[in-house]
Amino acid sequence: MDRQQCVLVLGATGYAGRHIVRQLHDGGYRVRAVVRDKQRALETGAYDAPALHGRVDEWIVSSDGSQLDASIMTEVDHVVSALGVTRQQADPWTVDFLLNLHYLKLAEQQDVKTFMYIGVMNAATGTSTVSRAKHAFMEALGRSSVRAQIVNPSAYFSDLTEVFNVARRGMAFGLGNGSVQLSPIHGADLADFCLAKLSDDAGTWDVGGPEVLTYRQVVQLAFQTLGRKERYLPIPGVVASSAVWLTDRASPRAASLMRFFLEGIQTDSVGALHGHRTLGEYYASLR
Ligand SMILES: NC(=O)c1ccc[n+]([C@@H]2O[C@H](COP(=O)([O-])OP(=O)(O)OC[C@H]3O[C@@H](n4cnc5c(N)ncnc54)[C@H](OP(=O)(O)O)[C@@H]3O)[C@@H](O)[C@H]2O)c1
């Protein structure tokens, strides 16, 4: 009988990571997860992302993954990395680039078949540190002896929860008229896409959920779900850039995340349409 395929998941406690672990477990894979805090991992995550209790076969607990050696890759067939800085107090170069690169080197040493990286669309053109760090890792991965798989999702439902929350407070805002296009994706639909690609060749895929919406339509959907009249404040680009410049004086890290977010809502990010979970259903569940 064939050995059960083993997948090492990095960033397993995040929104995307938790959905990926659940799908892998349900799909019959052996899951090895690297986490910083096992107790937190066992519980349900933010935005109702799945608890990892009963879904992980082997735990690797490490507060600083850079100390781990190639033994963590023993018998691993595939690595999936959803490791990246979002709201954490950390430098994207240290995590998105260097820490992922560290794991890639360990995977190379143990001849792992594939390394799937959950990146972001438009990283090659983004000017924030987050985009640059992600793009640098994608470049390194593309030159690796391990088969490189890069999945670039559109906006997660988790991130778009914030639009719902500001609508709940009565006023949403966005850059200009909000005509930028997104294809919002639920973590479970993203995980489903990743699993389908796991045994594929090397490749890069832009992926979104089942529908394309402008940012403004997302705002309208939030107000509509709440049964409220839409109130939208368009922020001129120059005001947003000045805010980044001023924030940079106090906190370059916060300014970089702000720049990443602003570039994200100025640039279309529409991937191949995938899955069936709609943002409208998700917002209705928040109400
Ligand atoms: N959110 C979106 O709309 C969106 C869209 C496209 C792409 N992406 C990208 O997809 C990836 C996953 O996003 P997500 O929303 O799932 O993020 P998330 O919920 O913040 O999860 C990130 C994961 O990375 C880990 N991590 C962060 N900093 C770390 C550090 N210093 N040391 C060790 N581990 C660290 C986190 O561990 P802890 O749980 O211990 O903090 C967590 O497991 C990110 O690279 C993100 O940029 C996000």
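Here goes a summary of the coordinates provided. Because the structure is a prediction, the values reported are computed rather than measured.

**Observations regarding the packing of aromatic side chains**
This model, assessed by the stated rule, comprises eight aromatic pairs. Measuring from centroid to centroid gives 5.7 Å for Tyr15 and Tyr156, while their planes differ by 40°, and the two rings are tilted. Here the residue Tyr15 occupies a position in helix α1 (residues 15-26), and Tyr156 occupies one in the loop between β6 (147-153) and α5 (157-168), the gap between them amounting to 141 residues. The pair formed by Tyr15 and Tyr156 is uniform in burial state, with each residue classed as buried. Judged by centre distance (5.8 Å) and plane angle (55°), the ring pair of Phe115 and Phe137 falls under tilted. Taken together, the residues span a long stretch of sequence, with Phe115 in strand β5 (residues 114-118) and Phe137 in helix α4 (residues 129-142) at a distance of 22 residues. Phe137 matches Phe115 in its accessibility class, with the two residues each being buried. One aromatic cluster is present, built from ring pairs that chain together Phe157, Phe164, Tyr282 and Tyr283.

**A few points about the pattern of salt bridges**
Applying the stated criterion across every chain, the model contains 12 salt bridges. A salt bridge links Glu58 to Arg32; its shortest N-O distance comes to 2.8 Å. In this pair, Glu58 sits in strand β3 (residues 58-61) while Arg32 sits in strand β2 (residues 30-35), placing the two residues 26 residues apart along the sequence. Residue Glu58 is classed as partly exposed on the basis of its relative accessible area of 24%. You can call Arg32 buried: its relative accessible area is 8%.

**Focus on the nonpolar core**
Formed by 56 residues in total, the largest nonpolar core has its most connected members in Leu24, Ile118, Val151, Leu190, Leu279 and Tyr283. Not counting residues up to four positions away in its chain, the partners in contact with Leu24 are Val7, Val9, Tyr29, Val31, Leu195 and Leu198. One finds Tyr103, Phe137, Ala140 and Ala148 within the second-largest nonpolar core, a separate group that totals 35 residues.

**Observations regarding the packing of helix α3 (residues 92-109) against α4**
At a closest axis distance of 8 Å, the pairing of α3 and α4 adopts a crossing angle of 15°. On the basis of their axis angle, the class for α3 and α4 is roughly parallel. Seen from above, α3 lies across α4 with right-handed handedness. Of the residues in α4, those touching α3 at Pro92, Trp93, Asp96, Phe97, Asn100, Leu101 and Leu104 are Thr129, Val130, Arg132, Ala133, Lys134, Ala136, Phe137, Ala140 and Leu141. Across the contact of α3 with α4, the residue classes break down as 11 nonpolar, two polar and three charged.

What counts, and at which threshold
Residues numbered from 1 in each chain as written. Predicted model: local features only at pLDDT ≥ 70, side-chain atom pairs only at ≥ 80, totals over all residues. Heavy atoms only, no water. Phe/Tyr/Trp six-rings, centres within 6.5 Å; stacked < 30°, edge-to-face > 60°. Helix = DSSP H or I, 4+ residues; strand = E, 2+ residues; numbered from the N terminus. Buried < 20%, exposed > 50% of the residue type's maximum accessible area, 1.4 Å probe, protein only. Salt bridge = Lys/Arg side-chain N within 4 Å of Asp/Glu carboxyl O. Core = buried A, V, L, I, M, F, W, Y, C linked by side-chain atoms within 4.5 Å. Contact = heavy atoms within 4.5 Å. Axes fitted to C-alpha atoms, helices over the stretch in contact; angles between N-to-C directions. Parallel < 35°, antiparallel > 145°, perpendicular 65-115°, else oblique. Left-handed = near helix turned anticlockwise from the far one by under 90°. Nonpolar A, V, L, I, M, F, W, Y, C, P; charged D, E, K, R; others polar.

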